[in-house]
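Structural overview
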Amino acid sequence: MAFTAPEDAELLRQFREPATREAAYTTLIRKYQERLYWHVRRMVVSHDDANDVLQNVFIRVWNALENFKEESQLYTWLYRIATNECLTFLEQQKKRSSVSFDDVQSGLENRVRAETGFDANKLEWKLQLAIQQLPEKQRIVFTLRYYDEMPYEEMSRVLETSEGALKASYHHAAKKIEDYIRNH
């Protein structure tokens, strides 16, 4: 049973035809690039890192799209690839610097503070700092739900975990963020 939206199904059909493959891929990038960029950016923080990760995402998509089985929506599949690329990137950063994940999180927090226009007194910046304090899984769940407004059912497919676990992670993340904002 295919879950892919009709316009995505047409893009996939065009991608599978050698004559229209590159045009279909370009259309797919245009359609999803901004949403995926912001998903990646919220996880890795830096604009340059987000661009690097996104480039890797689209390379993986190019290499795997022909075999996409349409058992989920195309954007679910794309978000799964993007999320996995982010996790790989963060893990590589941790290994390269041979520091703990907590130190990587501190580095992400420092990157938020270094962003142009940063003002720790503004709520949106406090929110960003609070998000960087969350454990990795809670940060991903919170980002997908809060910013991308992804339903738990869809998130369950992206992250390959139960809806109940996702709801609990989101609840804990929201509570930690609330506490952080109140106390900072």
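Residues numbered from 1 in each chain as written. Predicted model: local features only at pLDDT ≥ 70, side-chain atom pairs only at ≥ 80, totals over all residues. Heavy atoms only, no water.

**A closer look at the environment of Arg 21**
Note that Arg 21 resides in helix 2 (residues 21–44). In this structure the C-alpha to C-alpha distance between Arg 21 and Glu 66, which are 45 residues apart in sequence, comes to 9.8 Å. Those residues in contact with Arg 21 that lie beyond four places of it in its chain are Gln 14, Phe 15, Trp 62 and Glu 66. (Helix = DSSP H or I, 4+ residues; strand = E, 2+ residues; numbered from the N terminus. Contact = heavy atoms within 4.5 Å.)

**Thoughts on the nonpolar core**
In terms of nonpolar packing, the biggest core is built from 39 residues, with Leu 28, Leu 36, Val 44, Val 61, Leu 65, Leu 74 and Trp 77 touching the most fellow members. Within the residue set of this core, elements represented by two or more residues are helix 1 (6–15), helix 2, helix 3 (47–64), helix 4 (74–97), helix 7 (136–147) and helix 8 (152–159). Structurally, this core is a two-domain feature, drawing no fewer than three residues from each of domain 1 (7–98) and domain 2 (99–183). The next biggest cluster of nonpolar side chains, apart from the first, holds nine residues, and it includes Leu 127, Ala 130, Ala 173 and Ile 177. (Core = buried A, V, L, I, M, F, W, Y, C linked by side-chain atoms within 4.5 Å. Buried < 20%, exposed > 50% of the residue type's maximum accessible area, 1.4 Å probe, protein only. Domains from an automatic or database assignment.)

**With respect to the packing of helix 8 against helix 9 (residues 163–183)**
Relative orientation of the contacting elements helix 8 and helix 9 amounts to 105°, with a least axis distance of 9 Å. For the element pair helix 8 / helix 9, the angle class is roughly perpendicular. Residues Tyr 152, Glu 153, Met 155, Ser 156 and Leu 159 of helix 8 form the contact with helix 9, whose participating residues are Glu 163, Leu 166, Lys 167 and Tyr 170. Considered class by class, the residues forming the contact of helix 8 with helix 9 number five nonpolar, one polar and three charged. (Axes fitted to C-alpha atoms, helices over the stretch in contact; angles between N-to-C directions. Parallel < 35°, antiparallel > 145°, perpendicular 65-115°, else oblique. Nonpolar A, V, L, I, M, F, W, Y, C, P; charged D, E, K, R; others polar.)

**Some details on the packing of aromatic side chains**
Applying the stated criterion across every chain yields a total of ten aromatic pairs. Summarising the aromatic geometry, the rings of Phe 15 and Trp 62 are spaced 5.4 Å apart at their centres and angled 85° between planes, so their arrangement reads as edge-to-face. Taken together, the residues Phe 15 in helix 1 and Trp 62 in helix 3 connect sequence positions 47 residues apart. By relative accessible area, which is 1% here, Phe 15 ends up buried. Among the residues examined, Trp 62 registers a relative accessible area of 32% and is labelled partly exposed. Ring geometry for Phe 142 and Tyr 170: centres 5.4 Å apart, planes at 10°, overall stacked. Of the two residues, Phe 142 sits in helix 7 while Tyr 170 sits in helix 9, which places them 28 residues apart along the sequence. One aromatic cluster in this structure is built from Phe 142, Tyr 146, Tyr 147, Tyr 152 and Tyr 170. (Phe/Tyr/Trp six-rings, centres within 6.5 Å; stacked < 30°, edge-to-face > 60°.)

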